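Descriptive structure summary
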Amino acid sequence: MTRIDETEISPLNATQALTAPRSRWRSKPAGRNTADRVRGLTKHALLIAVGAVMLYPLLWMLASSFKPESVIFSDPSLWPSEWDFSHYAKGWNALAHPFSLFLTNSAIVVAGALIGNLLTCSMAAYAFARLRFRGSKILFAAMLLTLMLPIHVVLVPQYVVFSNIGWVNTFLPLIVPKFLATDAFFIFLMVQFFRSLPRELDEAAKLDGAGYWRTYFQVLLPLSVPALATTAIFTFIWTWNDFFAQLIYLTKPAVQTAPVALRNYVDATSGASWGSLFAMSIVTLIPVFIVFLIGQRYLVKGIATTGLK
Amino acid sequence: MTTQVTTRRSFALRHEERAAWTFLLPWFIGMALITIGPMIASLYFSFTDYNLLSAPEWVGGANYERMLTDARLHKSLVVTFTYVLIGVPLLLVTALALAIVLNRGIRGLPLYRSVYYLPSLLGASVAVGILWRQVFGKEGLVNQFLALFGVEGPGWISNPDTALMTLIVLHVWTFGSSMVIFLAGLRQIPEELYEAASIDGAGRWRQFRSITVPLLTPIIFFNLILGIINSFQTFTQAFVVSGGTGGPADSTLFYSLYLYQQAFGRLNMGYASAMAWLLVVIIAVFTAVNFYFSKRWVFYSDQD
C-alpha cells in the first residue's frame, strides 16, 4: 500500500480548516465606484441563489411535514396553505415501538461513541505527539494507513466474532470499538493539535513533579478544548447519521436506532404517507442541526483562543 | 559519573516508554482485535466458502475467479467508478469556486459558510436519502418545478438512465466541508505575495493562477485523496434511494451495496470478503497513482 508520510499530506488538515484563524481578510477597500458595487451585488445574488437552491429541499421537507397528504405532491411552496399537524403523531407511533425509543437508542450509541473517542483517541494522540518510544514512527504510519482502509475488509470477521459472543442486537459492537481508539481520523486530528502546543508546558509540568497522566489530564487536555470539541461534534454527527453498522448489528425493532427505524418506516408505508415519513425525517435531523448550531459557535471561539501554525 | 548519568537517562526513557505504551494500550488492543486480526481473517475467508452457519470451507481462488465472470459485480464497478470519477471532481470544483468567491472579504461570510456547510453534515443521513427519493420522484419537487414551465419530467429515480445522476447531484450537494477546508487554506496564503504580485503588475487572473492555485494544491490533493476513498465506500444513499436493491436495473448498485447484498442477503461471506479485498486493492491503486502524479502538480513550499 502507499506510504503516507505525515509531511506529505499538508499540515493543513480538516481540524485546522475548522479552527483556523479568521484573521487576514483580503478585502479591498469598500467598493468606491459603481462598477465595483454592481459586481458585488451580482456576486451576492449568485451566492444567495446557490444557497437557496441548496436549502430549498430541506425547507420544503419541513413545510411538507405540515401539509395535508393530498397536496404534498402538487405544492412546491415553502409555506403550507393549510396546516396539518397530524403527521408527527402518526409517524411517532407508526412502528412497533414509539419513535422516542429509537431516538433514545441512537442517543445511547452516540453517548458511548463520544466518551470512547474523546478518551482513547486523545490518549493515543498524547503518546504519538509527546512521548518517545521505540517504533513510534512505524506505528504512527500504521495508524494513518487505517484511515484509508475500507470498513468492508474487517466487516465479515467482526460480524462473525460479535455474533459468536452474542453481541448482535446489543449496542456493544457499535460502542466498544470506540473505546479502542479505532477512529484514526480523530487521533490524527489531536496529534496535530497537541503538536501545536508548546512543549515547554510539558517540561514545566514535569519540573513541578507532574507525571505523564497529570500532564495529559491537567495540562494538555484543558488546552485542547477546540480539538476535543471538534472531535465531539464530528463523533456526534457521524454516529447519529451512521447507517451501515447499525443496519447490520441492530435487527430487532426494540434495539434499533433512529436511522434504521426510519428506513424500515419507508418499507412499512411503501410511500403511502410521505407526510409522516417527512415528519420523522425532520425529527432525526433536528439533533444534527442543533449540534451544528452550537458547534459553529464553539468552533469560532476555538479559533480565537488557539493560534494554530 | 558519566555512567550514572546514562543510567538515569535510560531509566527516564524506559519510564517514558512504559507510559507511552499505557496511553497507547486501548489503540493497540483495537488495532490488534478490531483491525489487523479481522483483516487477516477476512483474507482467509476470501479463499473459502463460508455462510456463517457451517465452518469455512477452503476453495482456493474460486471466489476471485468468480469475480471475473460476475456480471453484477462488473456493473457495480461501473456504477461506482462513474460516481467517483464524475462526482469527486465536480464536488471539488464547486467547493473551490465558492471558497474563492467567499474568500474575497465578502460581507455575510459566516452566514454563507453555514448555509453551504449544513448539507454536508446532513447528506449522509437516511432522512436526506428519503428526501432525495421524493425530490427526484415522478411527482417530486423537481418535476413540480418543471411543471410550472409546462415540462413533464421523467421519474428521475425510477429511470435507469438518470438514477445514478441523482446520487451524483446529492454528492455534489455536500461540497460544504471541502469548501471550508479550502477557505482555511486560502487564509493561509500570505497577503504579501499578492501585494508583491500586484506591484509587479500581475492582474487578478494571473495572481489566481500563479499564487492561489499552486499554494492550494496540497489541500486540493488532500481533499482529492479523502474524497476518492470515501466515495468508493458510498452505501447509505444508494441503499435508501433504491430500497436496498441497487435498482432500477442495477443502475445504483454501488460496490458497497452489492457487497452488503452478498454478505448479509445471501450469506456469501467468502465472496464478500474477496470483494472487500478487491476494494482495498482498488483504493490502494488509486491512492498510489494519485501520489505518483502528485509530484507533477502538487506544490509544497519549502518554508514549512
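Residues numbered from 1 in each chain as written. Chains lettered and ligands numbered in written order. Predicted model: local features only at pLDDT ≥ 70, side-chain atom pairs only at ≥ 80, totals over all residues.

This next bit is on the nonpolar core. Counting residues in each nonpolar core, the largest one holds 153 residues, and the members touching the most others are A:Ala124, A:Ala125, A:Ile187, A:Met190 and B:Phe182. Counting residues per element, this core draws most heavily on helix α5 (residues 99-130) of chain A, at 14 residues. Looking at which domains feed residues into this core, each of domain 1 (2-45) and domain 2 (70-297) of chain B supplies at least three. What A:Met190 contacts, discounting residues up to four positions off in sequence, is A:Cys121, A:Ser122, A:Ala125, A:Ser224, A:Ala227 and A:Thr231. (Core = buried A, V, L, I, M, F, W, Y, C linked by C-beta atoms within 7 Å. Buried ≥ 20, exposed ≤ 12 C-beta atoms within 10 Å, placed from the backbone. Helix = DSSP H or I, 4+ residues; strand = E, 2+ residues; numbered from the N terminus. Domains from an automatic or database assignment. Contact = placed C-beta atoms within 7 Å.)

Residues and elements named next belong to chain A. Two numbers describe how α5 lies on helix α9 (residues 184-196): the axes approach to 8 Å, and their chain directions differ by 50 degrees. The angle between α5 and α9 falls in the class oblique. Crossing hand, α5 versus α9: right-handed. Two secondary-structure elements touch here, α5 through Asn117, Cys121, Ser122, Ala124, Ala125, Tyr126, Phe128, Ala129 and Arg130 and α9 through Phe186, Ile187, Met190, Val191, Phe194 and Arg195. (Axes fitted to C-alpha atoms, helices over the stretch in contact; angles between N-to-C directions. Parallel < 35°, antiparallel > 145°, perpendicular 65-115°, else oblique. Left-handed = near helix turned anticlockwise from the far one by under 90°.)

Attention now goes to unusual backbone geometry. Residues other than glycine predominantly adopt negative phi, and peptide bonds predominantly adopt the trans conformation. For the bond running from B:Gly247 to B:Pro248, omega is 0 degrees, close enough to zero to count as cis. With respect to the helices and strands, B:Pro248 occurs in the loop between α11 (236-242) and α12 (255-265). For A:Asn169, which is not glycine, the phi torsion reads 65 degrees and is therefore positive. One can find A:Asn169 in the loop between α7 (152-164) and α8 (172-175). By the C-beta count within 10 Å, which is 15 here, A:Asn169 ends up partly exposed. Unlike most non-glycine residues, B:Asp250 shows phi in positive territory, near 60 degrees.

Okay, the domain arrangement of chain B next. Here the domain parsing of chain B yields domain 1 (2-45) and domain 2 (70-297). With centres defined by C-alpha atoms, the gap from domain 1 of chain B to domain 2 of chain B works out at 38 Å.

All names here are of chain A. The topology assignment puts proline 98 in the loop between α4 (86-92) and α5. For proline 98, a count of 12 C-beta atoms within 10 Å translates into the label exposed. In this structure the C-alpha to C-alpha distance between proline 98 and phenylalanine 128, which are 30 residues apart in sequence, comes to 45 Å. Setting aside residues no more than four positions away along its own chain, proline 98 makes contact with Trp92 and Asn93.

Listed as interface residues are 79 residues of chain B and, on the opposing side, 72 residues of chain A. Top contributing element to the side of chain B that touches chain A by residue count: helix α1 (residues 2-45) of chain B, with 19 residues. Residue composition of the side of chain B that touches chain A, grouped by class: 56 nonpolar, 16 polar and 7 charged. (Nonpolar A, V, L, I, M, F, W, Y, C, P; charged D, E, K, R; others polar.)

Here the focus is helix α8 (residues 176-187) of chain B. Residues and elements named next belong to chain B. With 12 residues, α8 extends 17 Å from end C-alpha to end C-alpha; this agrees with the ideal 16 Å at 1.5 Å per step. Most of α8 sits out of view: 11 of its 12 residues are buried. Listed as buried for α8 are Gly176, Ser177, Ser178, Met179, Val180, Ile181, Phe182, Leu183, Ala184, Gly185 and Leu186. (Expected span 1.5 Å × (residues − 1).)

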